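# A structural walkthrough
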Amino acid sequence: MAQVSIRGVSKTFGQMKALDDVSCEFANGKFYALLGPSGSGKTTLLRMIAGFEFADSGTILMDGESVDNLPVEKRDIGMVFQNYALFPNMNVFDNVAFGLSVRGTDTTETARRVGESLELVKLEGLDKRRPHQLSGGQRQRVALARALVTNPRVLLLDEPLSALDRALRVEMEVELRRIQRDVGITTIFVTHDQEEALTMSDHIGILNAGRMVQEGPPLQVYEHPNSAFSASFLGDSNLLHGTARDGRITLTDGGLIACANRIDETDGSPATGSIRPEKITIMDSKDSVADPDRNSLDGTVVSHIFAGSSLTYQIRWNDEILRVFVQNLSGDIFADGTPVRLSWKPDDTVAVTHD
Amino acid sequence: MQDNKRLAKLGHVYLALMLVFLYVPIIIMAAMSFNDSNLYRLPIEWSTRWYAALAHNDKLIDASINSLWVAAITTVLATALGTAASLAFFRYEFRGKRLLQLLAFPPITIPWLIIGTAMLTLFFWIGMGRGLHAMVLGHVALAMPYVIIVVSARLKSFDLALEEAARSLGASSWQVTMRVTLPWIAPGVMAAALFAFAVSFDQFVISYFLSAPGVSTLPVEIYTSIRKGFTPEINAISTIVIGISMVLLLGVSRFYRFGGER
């Protein structure tokens, strides 16, 4: 197990800046999700930790020692690839045993450890199968067993669930997390799926255009996004634009919004507040908001999506559409075209930088 | 509909003509090798005397053994070098790659006569002279492009992520190649080796230029014999060669699907 440190790493491919002075820490034994849209540099960063790419500047450390001059095969890593990359000419046993066999591990030890690994991923009894005789989920498990059998210092996962269908993906999310906890291995997981990042990881790093936008535990990043990008990329978010005044935001229609964090911008400069759709309470426009400290604004229902246990409203406010997510508690639905009043706590309003 | 049928019929006739054109001479030759008469008299009187005579024709036998040796060594060298080149072209991006790929192919396009002359000149100039060793060099240069074409075609279906996976598991470059890449491209390499063998075994022009007096290969020896006067022994040896070629062809088709993905 190891701690991995990224120190000021930059990488350029031709004209494109893939990584721009990225620094972060991957703590020992933790599950870390690198989240970002395609082209954000997350895969490049993962491939650098693996040793497939090399930084133009900056350094990568494992347990405090630089690995910049270590080739892939000397880094002692386990990696699961997007399409699993199982060796088609080998059966499951030989696939899993590969890392041991290239190290010259003896037969009995190999058999024991391959057995353990297959047991860990719940694939006992399939060792004679060929990769093409396995289902997607089983291939995924073989790839994982193969990556873990050598007890690597760090486990690297390159969008390993993206090739699976929805139901299997949810199952594998749970499995992957269980296995990671059992083994206690430092894990770095690249994904563009914010839900995967939220449900699986101890720590999330959001990358955009080669820069680390925000880092932290899932709940913290979700509740306190620091930028419009991370607010809308991790979870859904309503962004209200206005100008700063006395540490609050004056909206275009004159309304005033209080925020959880004080806005340090000088009065009159542009400011943006982010509110999660589920934090907003919706009521009839004739009712008044009980707590005068709550932020509120009036709008009109444009449309609604009924999903049984919950409802998502689209509300027109000025020229913008806001989303409101409510649990189906009363069984009542505000019909399209109804004027409504929205309110939410100042604590749930996060002033973000706009980029 | 009627037109289509007529067209299909025409196609069949064309195909039949093609096959006749290709195989009738060969069949006649094979038939004549079993004919007792050396003047092509009909009807054929069954005889294996020309094959028996072949057994005593030391020149043809020596030339055959030379041909097999040259072809065998050429096959090993051309397949190894060509496969290595294909892997390099497949794995790496480097300066001058396109140029190098282009430069590998002239042996296919430049007339053999010219290559043969050029090689002869070079080998004399550097003092190596003619002989089987010179022939092997010439044949390797000739066979390598075919190997590169066939192995590269197979590599197109190889997923580079497999090599990355192997490396991430601690395999050295050598282990990656031997245990992951080669097993996948093995059918292509086998087909390429058979091609290389055929290219060398059939080669006449370059062999003719590079053979030392008294040491020749089968095609050169057949040519020399025909110039001195034709005997049905040539039919016999040719029939044997065709038989071997057909077996080789079957071998190739086993590994390499012509004009399509496997």
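If you're wondering where the values come from, they're calculated on a predicted model, not measured in any experiment. (Residues numbered from 1 in each chain as written. Chains lettered and ligands numbered in written order. Predicted model: local features only at pLDDT ≥ 70, side-chain atom pairs only at ≥ 80, totals over all residues. Heavy atoms only, no water.)

## A short note on the overall build of chain A
Definition in use: Numbering of helices and strands starts at the N terminus; helices are DSSP runs of H or I of at least 4 residues and strands are runs of E of at least 2. A simple rule labels every residue: compare its accessible area, found with a 1.4 Å probe on the protein chains alone, to the largest value its type can have, and call it buried under 20%, exposed over 50%, or partly exposed in between. Between two residues, a contact is recorded if the distance between any of their heavy atoms is within 4.5 Å. Calculation of accessible area relied on Shrake-Rupley with a 1.4 Å probe; when residues are assessed, cover is drawn exclusively from the protein chains displayed. Counting rule for charge: Lys and Arg are taken as positive, Asp and Glu as negative, and neither His nor the chain ends is counted. By convention, charge coordinates are those of NZ in Lys, CZ in Arg, CG in Asp, or CD in Glu.
Within chain A, the regular secondary structure consists of 8 helices and 20 strands. Its C-alpha atoms give chain A principal-axis dimensions of roughly 80 × 50 × 35 Å. The buried share among the 355 residues of chain A stands at 50%. Restricting to contacts in chain A with at least 6 residues of sequence separation, those with at least 24 account for 67%. About 15,700 Å² of surface is accessible on chain A, with carbon and sulfur atoms providing 48% of the total. Measuring between centres, the 36 positive side-chain charges of chain A sit 5 Å from its 49 negative side-chain charges.

## Details of the overall build of chain B
In terms of regular secondary structure, chain B is built from 12 helices and 0 strands. Secondary structure elements in chain B, listed N-terminal to C-terminal, are α-α-α-α-α-α-α-α-α-α-α-α. Referenced to the eigenvectors of the C-alpha coordinate spread, the extents of chain B come out at roughly 70 × 70 × 30 Å. In chain B, once contacts between residues fewer than 6 apart in sequence are set aside, the share between residues at least 24 apart is 71%. Accessible surface, chain B as shown: approximately 15,200 Å² in total, 71% of it carbon and sulfur. If the 20 positive side-chain charges of chain B are averaged to one point and the 13 negative ones to another, these points end up 6 Å apart.

## Here's the deal with the side chain of A:Ser227
All names here are of chain A. To keep it simple, the criterion reads: Here a polar contact means two N or O atoms within 3.5 Å. Within protein one must be a hydrogen donor candidate and the other an acceptor candidate, and residues neighboring in sequence count only if both atoms are side-chain atoms.
Relative to the helices and strands, Ser227 resides in the loop between helix H7 (218–223) and helix H8 (228–233). According to the relative accessible area criterion, Ser227 is buried, its value standing at 2%. For Ser227, the side chain forms a polar contact with the side chain of Asn226, separated by 3.3 Å. Polar side-chain contacts of Ser227 include one of 3.2 Å to the backbone nitrogen of Ser230.

## Some details on the interface of chain B and chain A
The test is simple: The rule for a salt bridge is simple: a side-chain nitrogen of Lys or Arg has to be within 4 Å of a carboxyl oxygen of Asp or Glu.
Contacts between the two partners involve 16 residues from chain B, matched on the other side by 22 residues from chain A. Across the chain B-chain A interface, the total number found is 2 salt bridges. Put simply, B:Arg167 and A:Glu73 hold a salt bridge, and the shortest N to O gap is 3.2 Å. Counting across the chain B and chain A interface gives 6 residue pairs in polar contact (both at pLDDT 80 or more). Of all the secondary structure elements, the ones that give two or more residues to the side of chain B that touches chain A are helix H8 (160–168) and helix H9 (173–202) of chain B.

## Some thoughts on helix H1 (residues 42–50) of chain A
All names here are of chain A. Where burial is concerned, most of H1 is hidden: 8 out of the 9 residues are buried. Those residues of H1 not exposed but buried are Lys42, Thr44, Leu45, Leu46, Arg47, Met48, Ile49 and Ala50. The first or second residue beyond H1 is Gly51, which carries a positive phi of 105 degrees.

## What about the pattern of salt bridges?
All names here are of chain A. Scanning the entire structure with this criterion turns up 25 salt bridges over all chains. The partner of Asp20 in a salt bridge is Arg211, with the nearest N and O atoms 3.3 Å apart. Here Asp20 is found in strand E2 (residues 16–26), whereas its partner Arg211 is found in strand E10 (residues 211–216), with 191 residues between them in sequence. Accessibility expressed as a relative area gives 45% for Arg211, which makes it partly exposed. Taking the shortest distance from any N to any O, the salt bridge between Glu109 and Arg113 comes out at 3.5 Å. Of this pair, Glu109 and Arg113 both sit in helix H3 (residues 107–120), 4 residues apart, roughly one helical turn.

## A closer look at the packing of helix H6 (residues 112–125) of chain B against helix H7 (residues 132–155) of chain B
Residue and element names in this part refer to chain B. Heads up, the rule is: In this analysis an axis means a line fitted to C-alpha atoms, helices contributing only their contacting stretch, and an angle means the value between N-to-C directions, from 0 to 180 degrees. If an angle is under 35 degrees, it is roughly parallel; if it is over 145, roughly antiparallel; if it lies from 65 to 115, roughly perpendicular; otherwise it is oblique. Handedness of a crossing is defined here by the sense of rotation of the near helix relative to the far one, left-handed for an anticlockwise turn of less than a right angle and right-handed for a clockwise turn. Put simply, Ala, Val, Leu, Ile, Met, Phe, Trp, Tyr, Cys and Pro go in the nonpolar bin, Asp, Glu, Lys and Arg in the charged bin, and everything else, Gly too, in the polar bin.
For the pair H6 and H7, interaxial distance at closest approach is 11 Å and the crossing angle is 135 degrees. As judged from the angle between their axes, H6 and H7 are oblique. Crossing of H6 over H7 shows right-handed handedness. For the pair formed by H6 and H7, the contact residues are Trp112, Ile115, Met119 and Phe123 on the first element and Ala134, Leu137, Gly138, Ala141 and Leu142 on the second. Among the residues forming the contact of H6 with H7, the class breakdown is 8 nonpolar, 1 polar and no charged.

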